[in-house]
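So the chains spell out like this:
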Amino acid sequence: MTLASRIVALIEAQGPMSVAQFMSIALLDPRDGYYATRDPFGAAGDFITAPEVSQMFGEMIGLWLVQVWTDQGCPKNPRLVELGPGRGTLMTDILRAAKVVPEFLAGLEVVLVEASPVLRTLQEKKIGGSGVSVRWQAQFGDQLDERPLFLVANEFFDALPLRQYVRTERGWCERMVTAQNGELAFALAPMPTPPPMIPVGLEAVPEGGVYETSPAALALAEDIARIVARRGGAALMVDYGYQARSGFGETLQAVGGHSFADVLAEPGGDDLSAHVDFAALAAAGRQGGAAVLGPVTQRAFLAALGLAERAERLASANPAAGTSLVAAVKRLVGPDQMGTLFKALAFLPPAFDSAPGFAAWTAS
Ligand code: SAH
């Protein structure tokens, strides 16, 4: 039985489900979910992420982390958490770069939050022998609040389940996933179902307009911010998403084999993701008591951290790699590539509210 037919059977038994529920089954169903069954990264997979483009990305972030840790007076026993570590490449590059400050690594505990058993196995192979204490958990949960928290998440929040609401003449109605003649289909909730949070501007959205919000992402961001504010540390979230608008417009997309697909066509077979709503994430961070820096574009962030200089140094050490380094830099910061669509957002304790890469920002 395919995952699509299992979802149809579930809907026939229990009624329509939210887009969020559909998304979490499609991505994480233990037997057939997209992330649960494969390694989707790289040229042969469905998409390439920044750490897979070049080791320089993780190195910059590793140096960012040790700088922020030093700025806070080198707190003892820091915990480094990565959400959704994929192939483990980012964490490997972070730990290698952080060797310049052995004191940071000395008391460090690394926690990898990974729901997919397949990817966890890949991560174990890559990071298990790093000499640092590493453990895994399937969810962020509520056990990570007693040590300073240094957290990184690259292309994690875009995979979290989101709800969609459509403006109709009856008011805002949630878009649901239903079954028609044994096939998955979208349908609007018959009664108005106002979104849980009403951002400014919602009233101006015309009929047919879509509002997206991820309660899971916002609750998680608030939890992270609360720990960072209380225990010290920092959270760095890098993702693709919009900055000015907050949640308006439909961005949920399916990607399979490097091309776009119908969201309902092949649950479990295609990746599903949506633009991250940085304005909403920042508001959740402030709600949790953290100072919020950004969002800044990935281009501005990596340039300020010295990406160009790092590429030059690597190229002079290994001239044969020069062309591929130039290509990697272009991919990471080119305005028509990942440079402006991708953004970085940081949460810091209110007492330490500045960080490299966010110089232009006053915390709010
Ligand atoms: N950070 C990596 C991978 C990004 S893809 C990179 O940049 O290459 C998203 C990652 O998050 C995958 O590892 C996926 O299995 C994991 N993931 C997605 N949803 C999750 C959830 N709800 N809980 C835990 N892990 C999740």
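All of these numbers come straight from a predicted model, not from anything done at the bench.

**Student:** Looking at this model, I keep getting lost on the sheet that holds strand β11 (residues 253–256). Mind explaining?
**Tutor:** Note: strands within a sheet are paired through backbone hydrogen bonds, in either parallel or antiparallel orientation. The strand order across the open sheet formed by 3 strands is β12-β11-β13, and the pairing between neighbours is antiparallel. Lying at the two open borders of the sheet, with one neighbouring strand each, are β12 (259–261) and β13 (271–273). Strand after strand, the sheet turns through a mean of 40 degrees between neighbouring axes, direction not considered. As judged from the 3 bridges shared by β11 and β12, these two strands associate in the antiparallel manner. Of the residues in β12, the one forming a bridge with Val255 is Phe260.

**Student:** Whenever I open this one, helix α1 (residues 3–14) confuses me. Can you help?
**Tutor:** For an α-helix, the turn length of 3.6 residues means that residues three or four places apart are oriented alike. The first and last C-alpha atoms of α1 sit 16 Å apart over 12 residues, in line with the 16 Å expected at 1.5 Å per residue. Buried within α1 we find Leu3, Ile7, Val8 and Ile11. Each buried residue of α1 sits inside an arc of 140 degrees when the element is viewed along its axis, so together they form one side. In α1, those exposed residues whose orientation departs by more than 90 degrees from the buried face are Glu12 and Ala13. Positive phi shows up at Gly15, right after α1, with a value of about 100 degrees.

**Student:** Mind showing me how you'd approach the layout of surface pockets here?
**Tutor:** To find the voids left in a structure, one rolls a probe of water-molecule size over its atoms. Taken as a whole, the largest pocket holds about 750 Å³ of empty space. For the lining of the largest pocket, the elements supplying multiple residues, two or more each, are α2 (19–28), α3 (50–53), α5 (89–97) and α8 (215–231). Residues belonging to the lining of the largest pocket are distributed by class as follows: 20 nonpolar, 9 polar and 6 charged.

**Student:** Is there a simple way to explain the site of the ligand in this structure?
**Tutor:** Lining the immediate surroundings of the ligand are 18 residues, of which Thr49, Gly84, Gly86, Glu114 and Asn154 lie closest. Measuring from an oxygen atom of the ligand, one finds a backbone N or O atom of Gly86 at 3.1 Å. In the environment of the ligand, an oxygen atom lies 2.6 Å from a nitrogen or oxygen atom belonging to the side chain of Glu114. Of all the cavities here, the one that holds the ligand is the largest pocket. When its residues are assigned to classes, the shell around the ligand shows 10 nonpolar, 5 polar and 3 charged.

**Student:** Explanation requested: the pattern of salt bridges in the structure shown.
**Tutor:** When the charged atoms of two side chains with opposite charge come close together, those side chains can pair. Applying the stated rule across the entire model yields 17 salt bridges. Glu146 is the partner of Arg79 in a salt bridge, and the nearest nitrogen-oxygen pair spans 3.0 Å. One end of the pair, Arg79, is in strand β2 (residues 79–83); the other, Glu146, is in the loop between β4 (133–137) and β5 (149–154), and 67 residues separate them in sequence. Take Arg79: its relative accessible area is 3%, and that puts it in the buried class. The partner of Glu222 in a salt bridge is Arg226, with the nearest N and O atoms 2.7 Å apart. Linking Glu222 with Arg226, this pair stays in helix α8, spanning 4 residues, or about one helical turn. In this structure Glu222 comes out as partly exposed when scored by relative accessible area, which is 23%.

**Student:** Got a minute to help me understand helix α12 (residues 322–333) in this structure?
**Tutor:** Counted at 1.5 Å a residue, the expected span for α12 with its 12 residues is 16 Å, and the 17 Å between its end C-alpha atoms agrees. Residues Gly322, Leu325, Ala328, Val329, Leu332 and Val333 constitute the buried set of α12. Down the axis of α12, the buried set is contained in an arc of 120 degrees. They therefore lie on one face. Opposite the buried face of α12, by more than 90 degrees, sit the exposed residues Thr323 and Lys330. Buried-residue contacts for α12 involve α3, α4 (55–71), α10 (298–305) and α11 (307–317).

**Student:** So what exactly am I meant to see when it comes to the nonpolar core here?
**Tutor:** If you look at soluble globular proteins, the nonpolar side chains tend to sit buried side by side. Membership of the largest hydrophobic core comes to 52 residues, with the highest contact counts inside it found for Trp64, Leu80, Leu95, Leu236, Phe301 and Phe358. For this core, the leading source of residues is α4, giving 9 residues. Once residues within four sequence positions are removed from consideration, Leu236 is found in contact with Ile61, Trp64, Leu151, Val152, Ala153, Phe301, Ala344, Leu345, Ala346 and Phe358. If you look at the next biggest cluster of nonpolar residues, it comprises 32 residues, including Leu218, Val276, Ala282 and Leu345.

**Student:** What should I look at first to understand the environment of Gly339 in this one?
**Tutor:** Here Gly339 is to be found in the loop between α12 and β16 (342–348). Residue class for Gly339 comes out buried when judged on its relative accessible area of 0%. Taking C-alpha positions, Gly339 is 32 Å from Leu144, a pair spaced 195 residues apart along the chain. Ignoring any residue separated from it by four or fewer positions in sequence, one finds Gly339 in contact with Thr297, Gln298, Arg299, Leu332, Val333 and Gly334.

The rules behind each value
Each chain has its residues counted from 1, following the order in which its sequence is written. A pLDDT threshold of at least 70 governs which residues receive local features in this predicted model, and a stricter bar of 80 or more applies before side-chain atom pairs are shown or counted, although totals over entire chains, interfaces and linings include all residues. Water and hydrogen atoms play no part in the side-chain values, which are based on all heavy atoms of the structure. We call two strands paired when DSSP finds no fewer than two bridges between them. Helix numbering and strand numbering both begin at the N terminus, where a helix is a DSSP run of H or I of at least 4 residues and a strand a DSSP run of E of at least 2. Fitted lines through C-alpha atoms give the axes, limited to the stretch in contact for helices. The angle between two N-to-C directions lies from 0 to 180 degrees. In this scheme, a helix's expected span is set at 1.5 Å multiplied by one less than its residue total. We call a residue buried when its accessible area falls under 20% of the maximum for its residue type, exposed when it is over 50%, and partly exposed in between, using a 1.4 Å probe and counting protein chains only. The directions considered for the arc run from the helix axis to the C-beta atoms. Site definitions follow a grid-based scheme: protein atoms alone, a 1 Å grid, a 1.4 Å probe that fits but cannot get out for cavities, and for pockets an open set with protein on both sides within 12 Å along at least five of seven lines, plus lining residues having an atom within 4 Å of a point. Grid points are joined across faces, edges and corners, and a volume is the space filled by probe spheres set on the points. Following the grouping adopted for this structure description, the nonpolar residues are Ala, Val, Leu, Ile, Met, Phe, Trp, Tyr, Cys and Pro, the charged ones are Asp, Glu, Lys and Arg, and the polar ones are all others, Gly among them. For this description, a residue counts as near a given molecule or strand if any of its non-hydrogen atoms is within 4 Å of it. Polar contacts here mean pairs of N or O atoms no more than 3.5 Å apart (in protein, one a potential hydrogen donor and the other a potential acceptor; neighbouring residues in sequence count only if both atoms are side-chain atoms). Occupancy of a cavity or pocket is assigned to a molecule whenever over half of its atoms lie within 2 Å of that pocket's grid points. Salt bridges are identified by distance alone: a Lys or Arg side-chain nitrogen within 4 Å of an Asp or Glu carboxyl oxygen. The criterion used for residue contact is that any of the two residues' heavy atoms lie within 4.5 Å. Here the nonpolar core consists of buried residues drawn from Ala, Val, Leu, Ile, Met, Phe, Trp, Tyr and Cys, with membership extended through side-chain atoms lying within 4.5 Å.

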